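# Coordinate analysis (summary)
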Amino acid sequence: MYQQAPSDPPKSLATGFPVTYNSTTTTYSSSTTDTSYAPPPPPQPKPIVQWSTGLCDCCSDRANCKTYYCSIMLMLMLMLMPMPIFSGCITCWCPCVTFGRVTEIVDKGSTSCGASGALYTLICCVIGCACLYSCFYRSKMRRQYGLKGNACTDCLLHCCCEYCVLCQEYRELQNRGFDMIIGWHGNVEQRSRGVAMTAAATAAPSVEQGMTR
């Protein structure tokens with residue numbers, strides 16, 4: 001007699017319910033970790049440095065004629081001695097000019113000297129406290145160059161010694177190589193010309209070789 005071939009197991013009907021199978025699943029875990037990557041170190045903060053000149057160094061920049069004391073001495077010398085003294089008292093008579101020049105350098109040309117000086121004058125005429133505006137630029141300048149101080153001392157110095165502080169900031173930028181009269185864009189152009197001239201001077205000239213027999 002013929003043996004009946006085993007038939008396939010009956011297929012389960014679709015009932016809509018999940019079907020579980022008794023099968024073992026193998027999971028693979030990576031036991032090796034990449035230890036060669038290291039996060040970059042955080043940027044080091046700028047070292048705090050002292051201001052290049054003191055708050056009352058009136059005689060270090062006579063052309064800017066820093067403070068009230070300079071203007072008083074100037075008037076006394078003009079009355080007592082008929083001799084040419086200083087060419088101008090910018091900060092004493094027109095602090096808006098000094099502030100505008102400082103602002104243009106600190107803002108890297110985004111604010112013009114005329115606009116900042118006009119706003120300084122407007123605030124001074126309306127509320128009489130332009131120092132509330134100028135103290136923010138001292139804080140911004142400190143952060144740019146890592147100068148000693150804090151926001152509280154910036155506000156106090158500008159409120160109590162506005163002219164002295166403006167002149168100290170003016171001298172600081174001068175000592176860092178800025179020509180305050182020509183402004184930010186003038187300094188950038190001047191330095192670009194200097195770099196181009198240095199590169200042209202250091203470039204080796206080409207030597208043409210003659211014909212050899």
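Thresholds applied
Residues numbered from 1 in each chain as written. Predicted model: local features only at pLDDT ≥ 70, side-chain atom pairs only at ≥ 80, totals over all residues. Heavy atoms only, no water. Helix = DSSP H or I, 4+ residues; strand = E, 2+ residues; numbered from the N terminus. Buried < 20%, exposed > 50% of the residue type's maximum accessible area, 1.4 Å probe, protein only. Areas by Shrake-Rupley, 256 points an atom, 1.4 Å probe, with all protein chains shown as cover. Core = buried A, V, L, I, M, F, W, Y, C linked by side-chain atoms within 4.5 Å. Contact = heavy atoms within 4.5 Å. Salt bridge = Lys/Arg side-chain N within 4 Å of Asp/Glu carboxyl O. Axes fitted to C-alpha atoms, helices over the stretch in contact; angles between N-to-C directions. Parallel < 35°, antiparallel > 145°, perpendicular 65-115°, else oblique. Left-handed = near helix turned anticlockwise from the far one by under 90°. Lys, Arg positive; Asp, Glu negative; His and termini not counted. Polar contact = N/O pair within 3.5 Å; in protein donor to acceptor, adjacent residues only side chain to side chain.

Looking now at the overall build of the chain. Helices and strands together make up the secondary structure of the chain, namely eight helices and zero strands. In the chain, the order of α-helices and β-strands from amino to carboxyl end is α-α-α-α-α-α-α-α. Expressed as a percentage of its 213 residues, the buried residues of the chain come to 29%. Counting only carbon and sulfur atoms, one obtains 63% of the accessible surface of the chain, whose full area is about 15900 Å².

Grouped together as the largest cluster of nonpolar side chains are 19 residues, with contacts concentrated most on Met141, Leu173, Phe178 and Met180. Secondary-structure elements contributing two or more residues to this core are helix H3 (95–106), helix H4 (113–126), helix H5 (131–145) and helix H7 (162–175). Setting aside residues no more than four positions away along its own chain, Phe178 makes contact with Ile105, Tyr145, Leu173, Trp184, Asn187 and Arg191.

Attention now moves to the pattern of salt bridges. When their charged atoms lie close together, side chains carrying opposite charge are able to pair. Under the criterion given, the structure shown has six salt bridges. With a closest N to O distance of 2.5 Å, Lys140 and Asp107 form a salt bridge. Of this pair, Lys140 sits in helix H5 while Asp107 sits in the loop between H3 and H4; the two residues are 33 residues apart in sequence, bridging distant segments of the chain. Assessed through its relative accessible area of 30%, Lys140 is described here as partly exposed. For Asp107, a relative accessible area of 10% puts it in the buried group. Ionic pairing is found between Arg176 and Glu172, a salt bridge with its closest N-O pair at 3.0 Å. The exposure class of Glu172 is buried, given its relative accessible area of 2%. In this structure, a network of salt bridges that share partners links the residues Arg138, Arg142, Asp154 and Glu169.

For the rest of this paragraph, the subject is the packing of H5 against helix H6 (residues 151–160). Viewed as axis vectors pointing N to C, H5 and H6 meet at an angle of 135°, and their least axial separation amounts to 9 Å. By the criterion of interaxial angle, the relationship of H5 to H6 is oblique. Along this stretch, H5 crosses H6, giving a crossing that reads as right-handed. Taken together, the residues of H6 that come into contact with H5 (itself represented by Cys131, Ser134, Cys135, Arg138, Ser139 and Arg142) are Ala151, Asp154, Cys155, Leu157, His158 and Cys159.

As a further point, take the side chain of Glu162. By secondary structure assignment, the location of Glu162 is in helix H7. Although Glu162 lies buried, it forms no salt bridge, and the closest oppositely charged side chain, Arg138, sits 8.9 Å away as judged by the N-O distance. There is a polar contact of 3.0 Å between the side chain of Glu162 and the side chain of Ser134. With sequence-adjacent residues up to four places away left out, Glu162 is seen in contact with Tyr120, Cys131, Ser134 and Leu157.

Functional significance is not addressed by these values, which are geometric in nature.
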